[in-house]
Amino acid sequence: YLSSDDSVRTALEQVRSEFGTRIASVIHLAAYYDISGEPNPLYEKITVQGTRRLIEALQDFEVGQFLFASTMLVHRPTDMPDERINEEWPLDPQWAYPESKVKTEQLLREKHGDIPLVLLRIAGVYDDIGHSPFVAQQISRIYEHRVTAHVYPGMLCANQSFIHLDDLTDAIARLVERRRELPAELPLLVGEPDALGYEEVQNIIGCALHGEEWTTVRIPQPLAKAGAWLQQEIFQEDGFIKPWMVEASNDHYILDITRARQLLDWEPKH
């Protein structure tokens, strides 16, 4: 729907006819995403221009809040595991997906008009049944005792914040409930403030699946890139690990969630 002006207008006309022109909150989750790391015209067509179509069409409604699902990856990663990212941390996306979110955030700042705007920068989302592709792949590699489960091309302490789906839902509900009390433009990071290092996660999974501590060895990034290329191009395997993942293996994303605590009285329970 978001790729067509007519589709967006038709959908909102249906909203108008059934519910009127007053909308408490628009929670905008739709976007394009793939794991290739490569530019794709669908990022512009769906994520950026689709959001433009939606926010422009909503100007004819009385909207109490527009909540855009962005990502913590719009920020520059930190170099040290003791540094924390807050909403004022520089924006510096490292690959195509967060680049599209930065472009969309800027577009929304320019076009939201009188509609209050929340730029919700979300950590890696997971749940209890494996709906996180990166965590699921990590578990799978260890379960199957693959060679790739014993090597890592970055610092073994590299860590990234996550957020359980229930905690994310709770944060969104609080944003909607408190919409009249929030700033007209609100960038907001949500995620668990404590993040585990890669090696620690490996050990937890290895102990849970095999009852033993898991050995993980750091390898040079060029070797990891060559292995990923061989796996995909020579052996024709659908390798999950892409070059951009190797390049990002040293990145730290640990969040300072002070703003979410203060404005929403929110704390992750998981």
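Above this text is the structure in question.
Model, not experiment: these values are computed from the prediction. (Residues numbered from 1 in each chain as written. Predicted model: local features only at pLDDT ≥ 70, side-chain atom pairs only at ≥ 80, totals over all residues. Heavy atoms only, no water.)

Trainee: Now, about the packing of aromatic side chains: what can you tell me, with residues and values included?
Mentor: Considering all chains together, one arrives at six aromatic pairs under this definition. Aromatic side chains Y33 and W95 sit 6.0 Å apart centroid to centroid with 70 degrees between the ring planes, which places their arrangement in the edge-to-face category. Of the two residues, Y33 sits in the loop between β2 (26–28) and α2 (41–57) while W95 sits in the loop between β4 (66–71) and α3 (96–111), which places them 62 residues apart along the sequence. According to the relative accessible area criterion, Y33 is partly exposed, its value standing at 34%. Aromatic side chains Y126 and F162 sit 6.3 Å apart centroid to centroid with 75 degrees between the ring planes, which places their arrangement in the edge-to-face category. On the criterion of sequence distance, the pair formed by Y126 in strand β6 (residues 124–126) and F162 in strand β8 (residues 162–164) is long-range, its members being 36 residues apart. Using a relative accessible area of 21% as the deciding quantity, one classes Y126 as partly exposed. Residue class for F162 comes out partly exposed when judged on its relative accessible area of 24%. Three or more aromatic residues joined by ring pairs make a cluster, and in this case those are Y33, W95 and Y97. (Phe/Tyr/Trp six-rings, centres within 6.5 Å; stacked < 30°, edge-to-face > 60°. Helix = DSSP H or I, 4+ residues; strand = E, 2+ residues; numbered from the N terminus. Buried < 20%, exposed > 50% of the residue type's maximum accessible area, 1.4 Å probe, protein only.)

Trainee: Lay out the sheet that holds strand β5 (residues 117–122) with the relevant residues and their values.
Mentor: With parallel pairing, four strands are arranged side by side in an open sheet as β2-β4-β5-β9. Taken across any chain shown, the strands that pair with only one partner, and hence form the sheet edges, are β2 and β9 (185–190). Here the average twist between neighbouring strands, direction ignored, is 20 degrees. Here β4 runs beside β5; their pairing, made up of six bridges, is parallel. Residue pairing across strands places L67 opposite V118, the latter belonging to β5. Against the sheet, α2 makes contact with β2 and β4, and its axis sits at roughly 165 degrees relative to β4, the strand it touches most. Taken strand by strand, helix α5 (residues 165–177) contacts β2, β4, β5 and β9, and its axis lies near 165 degrees from that of β5. (Pairing = 2+ DSSP bridges. Axes fitted to C-alpha atoms, helices over the stretch in contact; angles between N-to-C directions. Contact = heavy atoms within 4.5 Å.)

Trainee: Give a description of the side chain of S70 that names residues and reports values.
Mentor: Of note, S70 is situated in strand β4. The class of S70 is buried, set by a relative accessible area of 4%. Beyond its immediate sequence surroundings of up to four residues, S70 is in contact with K101, E105, L120, R121 and I122.

Trainee: How would you summarise the side chain of H112 if you had to cite specific residues and measurements?
Mentor: Mapped onto the secondary structure, H112 falls in the loop between α3 and β5. Setting aside residues up to four positions removed in sequence, H112 forms contacts with I55, Q59, L117, A184 and E185.

Trainee: Could you give an account of the packing of helix α1 (residues 5–19) against α2, naming the residues involved and the relevant values?
Mentor: Two numbers describe how α1 lies on α2: the axes approach to 10 Å, and their chain directions differ by 40 degrees. Relative to α2, the element α1 lies oblique. As α1 runs across α2, the sense of the crossing is right-handed. Together, D5, V8 and L12 of α1 and R52, R53, L54 and A57 of α2 make up the contact between the two elements. Residues that form the contact of α1 with α2 fall into these classes: four nonpolar, no polar and three charged. (Parallel < 35°, antiparallel > 145°, perpendicular 65-115°, else oblique. Left-handed = near helix turned anticlockwise from the far one by under 90°. Nonpolar A, V, L, I, M, F, W, Y, C, P; charged D, E, K, R; others polar.)

Trainee: If you had to explain the layout of surface pockets to someone new, which residues and values would you point to?
Mentor: By rolling a water-sized probe across the atoms, one finds the places where empty space is left. The calculated volume of the second largest pocket comes to roughly 250 Å³. Forming the walls of the second largest pocket are 14 residues, and the residues nearest its centre are L2, L12, V26, H28 and L54. At the level of secondary structure, the elements contributing two or more residues to the lining of the second largest pocket comprise α1 and β2. The element best represented in the lining of the second largest pocket is α1, accounting for four residues. A per-class count over the lining of the second largest pocket returns twelve nonpolar, two polar and no charged. (1 Å grid on protein atoms, 1.4 Å probe; cavity = no way out; pocket = protein on both sides within 12 Å on 5 of 7 lines; lining within 4 Å. Points joined across faces, edges and corners; volume = space filled by probe spheres on them.)

Trainee: So what's going on with the environment of P222? Residues and values would help.
Mentor: Mapped onto the elements of the fold, P222 is located in helix α7 (residues 221–234). The exposure class assigned to P222 is exposed, which follows from its relative accessible area of 62%. Once the C-alpha coordinates of P222 and H252 are considered, the two residues, 30 residues apart in sequence, prove to be 20 Å apart.

Trainee: Would you mind going over the pattern of salt bridges in detail, with residue names and values included?
Mentor: Applying the stated rule across the entire model yields 17 salt bridges. The residue E56 makes a salt bridge to K111 at a minimum N-O spacing of 3.4 Å. You can see E56 sitting in helix α2 and its partner K111 sitting in helix α3, a full 55 residues away along the chain. The class for E56 is partly exposed, based on a relative accessible area of 35%. (Salt bridge = Lys/Arg side-chain N within 4 Å of Asp/Glu carboxyl O.)

Function cannot be read off these values alone, since they describe shape.
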